[in-house]
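Working through the structure, step by step
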Amino acid sequence: MPSPRNWTSEVSNSTVSPFSDKLMLFHIVSLVSVTVGYYGTALSTCQRKDVILKYMRLLAEIGIYAEDGANILIKNGWFEQPPTVDDRAALARKK
C-alpha cells in the first residue's frame, strides 16, 4: 500500500497567487450572497425584537459590502451579463 503524502510537499515557495483575482472575487461575492440569504431566513423565523434589529443592521452592512464587490466586478469588466431573450423585431428586419 502506498504511504500517505507528506503535507510539507504541498508547501510552495512561490510568491504568486495560484488563483486569479477574478476567481477569488467571484467566490467572495458568492459567499456574501449566501450570507444575505441566511440572514434573511433567520430574520423571517426570529421572534425576538432585539435580535431582529441586529439581523436588520447586519443585512444593511452586508448589502453595502456586496455592492462594493459588485462595483469592483463591473469596473474590471468581470461581471457577466446573464442570457437575454432574442430581439424578435431586429430578427424580423434582417430578412
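Here, every reference points to the structure presented above.
Now for a description of the structure that goes with this document. The model shown is predicted, which means the values in this text are computed figures rather than measured ones.

What follows covers helix H1 (residues 21-45). If you check H1, its first and last C-alpha atoms are 36 Å apart, about what 25 residues at 1.5 Å a residue would give, namely 36 Å. For H1, every residue scored as buried is listed here: Leu25, Val29 and Val32. Summarising the contacts, the buried residues of H1 are in contact with helix H2 (49-75).

Where H1 meets H2, the closest approach of the two axes is 10 Å, and the angle between their N-to-C directions is 160°. For the element pair H1 / H2, the angle class is roughly antiparallel. Handedness of the H1/H2 crossing: left-handed. Facing H1, whose interface residues are Leu25, Ile28, Val29, Val32, Thr35, Val36, Tyr39, Gly40, Ala42 and Leu43, H2 presents Ile52, Tyr55, Met56, Leu58, Leu59, Ile62, Tyr65, Ala66, Gly69, Ile72 and Leu73. Split by residue class, the contact of H1 with H2 holds 18 nonpolar, three polar and no charged.

Thresholds, definitions, all that
Residues numbered from 1 in each chain as written. Predicted model: local features only at pLDDT ≥ 70, side-chain atom pairs only at ≥ 80, totals over all residues. Heavy atoms only, no water. Helix = DSSP H or I, 4+ residues; strand = E, 2+ residues; numbered from the N terminus. Expected span 1.5 Å × (residues − 1). Buried < 20%, exposed > 50% of the residue type's maximum accessible area, 1.4 Å probe, protein only. Contact = heavy atoms within 4.5 Å. Axes fitted to C-alpha atoms, helices over the stretch in contact; angles between N-to-C directions. Parallel < 35°, antiparallel > 145°, perpendicular 65-115°, else oblique. Left-handed = near helix turned anticlockwise from the far one by under 90°. Nonpolar A, V, L, I, M, F, W, Y, C, P; charged D, E, K, R; others polar.

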